[in-house]
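# Architecture and fold: a report
Single-letter residue listing:
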Amino acid sequence: MLTDQQRHQAADVLIEAEGVREQAGQLSTEWPSIGFDDAYAISAEVNRRRLEAGAKLIGYKVGLTSKAMQRSSQIDEPDYGYLYQHMMIADGGKTPREKYCVPRVEVELAFVLGKSLKGPGVGIFEALDACDYVCPAIEIVDARVKDPRKIYDTISDNGAAAGLVLGGRPLRPSEVDLRWTGCILYRNAEIEETGLAAGVLGHPALGVSWLANKLGAQGITMEAGHIVLTGSFTRVVFAQQGDSFHADFGVLGGVAVQFS
């Protein structure tokens with residue numbers, strides 16, 4: 001376990017890396033005794049500083065929701081990070097490639113809460129009931145820590161959250177079988193990835209319930225209007241300057257972003 005001073009030093013490293021847009025060395029190498037509690041404390045410290053600097057929290061992201069990703073990271077549960085207003089990109093809009101270190105794109109379902117939600121004891125039906133609508137999303141992930149990363153590096157780094165695009169056709173969760181929601185991800189008009197939302201914990205709403213219980217154990221309530229990105233159900237795709245991405249979610253419509 002790290003000391004408070006070491007956790008603050010790790011937060012300094014991550015904030016600097018994001019500011020200069022250059023990946024830092026692995027926190028797990030600099031502080032080999034780092035654990036899960038340390039990683040979430042570092043992420044929370046970065047979040048505290050961002051809020052103090054004027055950032056607006058708009059929700060959370062859930063990551064590592066597929067069994068394959070959990071096995072590769074040697075964990076048995078997802079992780080989470082914070083989402084801010086300044087991360088939002090308009091559907092079909094442009095974002096400068098130079099804003100990021102090594103940007104990658106993921107496709108996900110975004111749940112927008114219509115009422116507050118707090119664990120413990122939140123299950124899939126409570127999560128669905130609290131959701132106002134679901135819509136397609138593209139998440140931009142950008143690791144501020146160099147490879148090879150350990151799970152502690154990723155959690156400390158806010159789950160690599162860097163940007164999000166919401167779009168498509170918002171629907172109530174009861175209007176579509178979310179497990180069978182599919183997506184075709186195009187890069188520059190060529191298909192790169194396809195997948196089904198059932199790959200997210202068996203049902204993407206389980207990502208919302210897991211998060212509510214995880215945050216609830218810390219006394220944190222997810223508020224009405226908060227966005228929850230429930231995790232990618234395709235592999236990530238690297239983004240270069242000039243790349244255009246379009247994610248086709250079928251009945252839910254599509255969402256797009258371009259790297260300028």
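Going by the structure above, here's the rest.
What this report covers is the structure whose coordinates are included nearby.

What counts as what
Residues numbered from 1 in each chain as written. Predicted model: local features only at pLDDT ≥ 70, side-chain atom pairs only at ≥ 80, totals over all residues. Heavy atoms only, no water. Helix = DSSP H or I, 4+ residues; strand = E, 2+ residues; numbered from the N terminus. Buried < 20%, exposed > 50% of the residue type's maximum accessible area, 1.4 Å probe, protein only. Contact = heavy atoms within 4.5 Å. Lys, Arg positive; Asp, Glu negative; His and termini not counted. Charge placed at Lys NZ, Arg CZ, Asp CG, Glu CD. Salt bridge = Lys/Arg side-chain N within 4 Å of Asp/Glu carboxyl O. Expected span 1.5 Å × (residues − 1). Pairing = 2+ DSSP bridges.

For the chain, the helix and strand inventory stands at seven helices and 13 strands. Referenced to the eigenvectors of the C-alpha coordinate spread, the extents of the chain come out at roughly 50 × 45 × 35 Å. Looking at the 260 residues of the chain, the share that counts as buried comes to 52%. Sequence separation of 24 or more characterises 76% of the internal contacts of the chain that already satisfy a separation of 6 or more. Looking at the chain, you have 25 positive and 33 negative side-chain charges, and the mean spots of the two groups are 1 Å apart.

For T65, the position within the fold is in the loop between strand 1 (57–63) and helix 4 (67–73). The class of T65 is buried, set by a relative accessible area of 3%. In this structure T65 touches Q70, P78, G199, V200, L201, T230, G231 and S232, once residues within four positions along its chain are discounted.

This paragraph deals with the pattern of salt bridges. Scanning the model with the defined rule gives 15 salt bridges in all. The closest approach of N and O atoms between D129 and K115, which form a salt bridge, is 2.6 Å. One end of the pair, D129, is in helix 5 (residues 124–130); the other, K115, is in the loop between strand 5 (103–113) and helix 5, and 14 residues separate them in sequence. For D129, a relative accessible area of 47% gives the class partly exposed. Note on K115: relative accessible area 40%, which makes it partly exposed. Here D177 and R179 are joined by a salt bridge, their closest N and O atoms 2.8 Å apart. Judged by its relative accessible area of 37%, R179 falls in the partly exposed class.

Turning to helix 3 (residues 36–52), a few remarks are in order. For an α-helix the count is 3.6 residues per turn, leaving residues at separations of three or four pointing the same way. The end-to-end C-alpha distance of helix 3 is 24 Å, a good match for the 24 Å that 17 residues give at a rise of 1.5 Å each. Buried within helix 3 we find D38, A39, Y40, I42, S43, E45, V46, N47 and R50. Looking at the buried residues of helix 3, the elements they touch are helix 1 (4–20), strand 1, strand 2 (79–84), helix 6 (151–156) and helix 7 (205–216). A positive phi of about 110° marks G54, the residue just after helix 3.

Turning our eyes to something else, we now look at the pairing of strand 5. Burial of strand 5 is extensive: 11 of the 11 residues sit out of reach of the surface. The side-chain alternation of strand 5 yields two buried faces, one formed by P103, V105, V107, L109, F111 and L113 and the other by R104, E106, E108, A110 and V112. Relative to strand 6 (residues 131–142), strand 5 is paired through 11 bridges, and the arrangement is antiparallel. Across the sheet, the residue bridging to V112 is Y133, located in strand 6.

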